[in-house]
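Examination of the molecular architecture
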Amino acid sequence: MPSLISPAERDYILKGIECNIRADGRQRPDYREVILETGVISQTSGSARVRLAGGTDVLVSVKADIGPVLVDPETGEGADKGQIICNVECAPSASQQFEGRGADELNNELTQMMTRFLSHNTTSLTSTPSNTTPSSTTSSHNSNGAGGINLSKLCIIPGEQCWILYVDALVLDYGGNLVDAVFMGTRAAIFDTRIPKTEVQDLGDGNFDFEVLDDAEDTEIVEGREDMPICVTLNKIGARHIVDASPLEELCTEAKLVVAVNRSGELCGLQKGHDGGIEPSLLLEMIQFGKTLGQTLIKQLDAKIKAEADADMVKRQNGQPVVKLGFFAQ
Amino acid sequence: MNVSFHSPAPRTAISGSKAHKQSKQHGFEDMELDGDHEDGSNGSGVKDSTLHVVTPGEVITQDTAFMRGHGTYIENEKVVSSVAGVVDRVNKLISVRPLHTRYTGEIGDVVVGRITEVAQKRWKVDVSARQDAILMLSSINLPGGVQRRKQESDELQMRSFFMEGDLVVAEVQAFFGDGAYSLHTRSLKYGKLRNGSFITVPPALVQRCKSHFHSLACGVDVILGLNGYIWVSAHVPQNLDEIDTELVYSNKNKEDITPRDRESIARVGNCIRALADEFIFINDTIISFAYEASLQYKLKDMNKKEIMHAIATEATTAVDNMKG
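Residues numbered from 1 in each chain as written. Chains lettered and ligands numbered in written order. Predicted model: local features only at pLDDT ≥ 70, side-chain atom pairs only at ≥ 80, totals over all residues. Heavy atoms only, no water.

Per an unreviewed UniProt entry, chain B goes by the name Exosome complex component RRP4 and belongs to Linnemannia gamsii. Per UniProt, chain B has the following entry under Sequence similarities (unreviewed entry): "Belongs to the RRP4 family." (UniProt positions renumbered as here; feature names shortened; annotations may be inferred.)

An unreviewed UniProt entry lists chain A under the name Ribosomal RNA-processing protein 42, with Linnemannia gamsii given as the organism. Chain A has a UniProt comment under Sequence similarities (unreviewed entry) that states "Belongs to the RNase PH family."

Okay, structure coming up:
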């Protein structure tokens, strides 16, 4: 069943946004509170749970697995690189509109967005199917690929075996602004990820064998994770734009712009959704605003992750158990 | 442009055995139909002064003398709970009232619903129950007077009355054979909702009281639907004799909703959400107290968890002081 809104509510929200008083009292550029916890799933290489006050609940897990390298048949590239494979799924219990196959389209859109922003080293401009403009690509000087993550470091034996990071995001509850929550969770989960060290032995004749060291204390972080992008979703309602929309505000959106930005302020991706149009001047303004807000978000998110990791380390050093609240939290 | 990141906190209940006792008595007043506990004590479970909360699979009692009611089943001669909730004992009948459940209504309940479908001579309304409720074309007031008769042309232009997505406030009139509610809006206080915003709370938190239409001192009207759907709107001074019956189905909000009104509406909305987060019963008294408690905070700060908790605590103590 699609979500519905009445004309009276739509008009109320529209006029409210015009005079900078949203339905819940926020102003246009205000974000809701974010509750973040990393390391909530012990069986993964890294995990994080992000909740936005208002209902959105996203769980992201990263599993590091060993597999064969993926070589591009045309360019021959990839023999010395690892892989990142992303998947986003919305649980049917998250919202009534996700019942049955209702979430399929959204799952696809979010998965492709994640793959694009995290796995490519080019800035691409695309719009979702409702708008048929051709996409154009421009390259950025982020030559590491994979949205900043160093894929070469993930290779174990060039041409044969590499680490594959499976990033899975599960949307547990829908309260608006899924994209931002998924990317924040992914960044936190990747920061939390620890990959075991491997020891490669040269057997001679070009044959190599490797062993995975099973030391829980001696693991590696994902290199290049600080340069991962996060997303800011801007919703154009009327002549203004807001961030962090609630479900009713999302129903009033004419055009949606997702701006992916990294900590240096570089634009890593852009996606436009919904049927409405955006004037060129407003488009530039929204992108600029998204970039600035994105950098603030990254700074605060990184600070929070670091604070949590430091606190955990202190506890471990003192011999105290590190207790994650997980799903017992409020 | 500020974003704040927090760590999760374990859930803390609002203090006060007083709050618990009050909510207990209120809750059980509905359930006990024979109400023959003269000393005002409730009939809850085996423990007297505390709520007996159970989870699915938990054994309630091993005594075979009890009959089992809703939310329980018998396994190995023991009465086991099948839902997460509070044990309700009425003489020999044990049942469990679940915490989170769909709205189950009685005849005469005032509910707020959203039109989901326009069918032949009726509308399907979502009231957060197990099935969509039905609003028959013959159960609404047609524009042009309360007594206007239904004509064929009305059936052909049903969307000019209610369209998909519209919010209505109605009363439960009857049940259909399959358990779906039949609603009616045959009073001038019922009908299409305008000039405000919509909030959802768990249905269990809205208690039955004399009136569900409240006009708060701050110039905000609140309609507390028993199904957990709440409408907070700007106060429209309405003399029931002078209502223009042609405009009851208009979609236009009133022109002069000032920013001040919007702030009050947002503030009341946030208060209701703060109370719902702490699972406190919602009625007009506690909303007024919560509103007063919230005036010391800035409107946009009201979305923060600690401030919501503070407001809810202050409102509960104010209500307790008023009663006790």
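There is more to say, and it comes next.
A count of helical and extended segments in chain B gives five helices and 18 strands. When the accessible surface of chain B is summed, it comes to about 16,500 Å², and 49% of that surface belongs to carbon and sulfur atoms. (Helix = DSSP H or I, 4+ residues; strand = E, 2+ residues; numbered from the N terminus. Areas by Shrake-Rupley, 256 points an atom, 1.4 Å probe, with all protein chains shown as cover.)

Right, let's talk about the side chain of Arg28(A) for a bit. Residues and elements named next belong to chain A. Inspection of the secondary structure puts Arg28 in the loop between helix 1 (7-18) and strand 1 (34-38). Although buried, Arg28 forms no salt bridge, and the nearest oppositely charged side chain, Glu285, lies 7.9 Å from it. Within polar-contact distance, the side chain of Arg28 engages the backbone oxygen of Ile17 at 2.6 Å. In contact with Arg28, not counting residues within four places along its chain, are Ile17, Glu18, Asn20, Arg22, Arg240, His241, Ile242 and Val243. (Buried < 20%, exposed > 50% of the residue type's maximum accessible area, 1.4 Å probe, protein only. Lys, Arg positive; Asp, Glu negative; His and termini not counted. Salt bridge = Lys/Arg side-chain N within 4 Å of Asp/Glu carboxyl O. Polar contact = N/O pair within 3.5 Å; in protein donor to acceptor, adjacent residues only side chain to side chain. Contact = heavy atoms within 4.5 Å.)

Residue and element names in this part refer to chain B. Reading across from one edge, 15-18-17-16 is the order of the four strands in this open sheet, with antiparallel pairing throughout. Unpaired on one side and paired on the other, strand 15 (196-200) and strand 16 (213-215) mark the two borders of the sheet. Sheet twist, expressed as the average angle between the axes of neighbouring strands with direction ignored, equals 20 degrees. In the sheet, strand 17 (residues 220-224) pairs with strand 18 (residues 229-234) via five bridges, with the strands oriented antiparallel. Within the sheet, the bridge partner assigned to Asp221 lies in strand 18 and is Ser233. The sheet strands contacting helix 3 (residues 259-277) are strand 15, strand 17 and strand 18, and the helix crosses strand 18 at an angle near 160 degrees. (Pairing = 2+ DSSP bridges. Axes fitted to C-alpha atoms, helices over the stretch in contact; angles between N-to-C directions.)

All right, on to the confidence of the model for chain A then. This prediction gives chain A a mean pLDDT of 85; 91% of its residues lie at or above 70. A low-confidence stretch, residues 122-144 of chain A stays under pLDDT 50, and its non-local contacts, those more than four residues away or across chains, total 41 contacts. (pLDDT = per-residue confidence, 0-100.)

Quick look at the environment of Phe289(A) now. Position of Phe289(A) among the secondary structure elements: in helix 5 (residues 280-317). Relative accessible area serves as the criterion here: at 18%, Phe289(A) is assigned to the buried category.

In the numbering used here, UniProt assigns the "domain: Exosome complex component N-terminal" (unreviewed entry) feature to residues 53-90 of chain B. Helix makes up 0% of residues 53-90 of chain B and strand 55%, and the two end C-alpha atoms of the span are 16 Å apart.

Time to look at the pairing of strand 12 (residues 167-175) of chain B. Each regular strand shows side chains that alternate between the opposite faces of the sheet. Residue and element names in this part refer to chain B. Here strand 9 (residues 110-119) pairs with strand 12 via five bridges, running antiparallel. Among the inter-strand pairings, Val111 is bridged to a residue of strand 12, identified as Ala170. Pairing analysis gives two bridges linking strand 12 to strand 14 (residues 191-192), with the strands arranged antiparallel. Bridging from a neighbouring strand, Val168 pairs with Lys192 of strand 14. Sheet analysis places strand 12 next to strand 13 (residues 181-184), joined by four bridges and oriented antiparallel. Along strand 13, the bridge assignment pairs Glu171 with His184. Between strand 12 and strand 13, which pair antiparallel one after the other, the connecting turn spans five residues, and Gly179 there sits at a positive phi close to 95 degrees.

This chain's UniProt record puts "domain: K Homology" (unreviewed entry) on residues 196-238 of chain B. This span, residues 196-238 of chain B, is 0% helix and 44% strand, and a straight line between its end C-alpha atoms measures 16 Å.

Once that is clear, we can look at the interface of chain A and chain B. Listed as interface residues are 42 residues of chain A and, on the opposing side, 42 residues of chain B. Each partner contributes to the roughly 3,800 Å² buried at the junction of chain A and chain B, and carbon and sulfur atoms together form 60% of this total. The closest approach of N and O atoms between Asp30(A) and Lys300(B), which form a salt bridge, is 3.5 Å. Breaking the side of chain A that touches chain B down by element, the ones donating at least two residues are helix 1, strand 1 and helix 5 of chain A. Residue composition of the side of chain A that touches chain B, grouped by class: 24 nonpolar, seven polar and 11 charged. Relative to strand 1 (residues 5-6) of chain B, strand 1 of chain A runs parallel, the two sharing two bridges. Across the sheet, Val34(A) pairs through a bridge with Phe5(B), a residue of strand 1 of chain B. (Buried area = accessible area lost by both parts, 1.4 Å probe. Nonpolar A, V, L, I, M, F, W, Y, C, P; charged D, E, K, R; others polar.)

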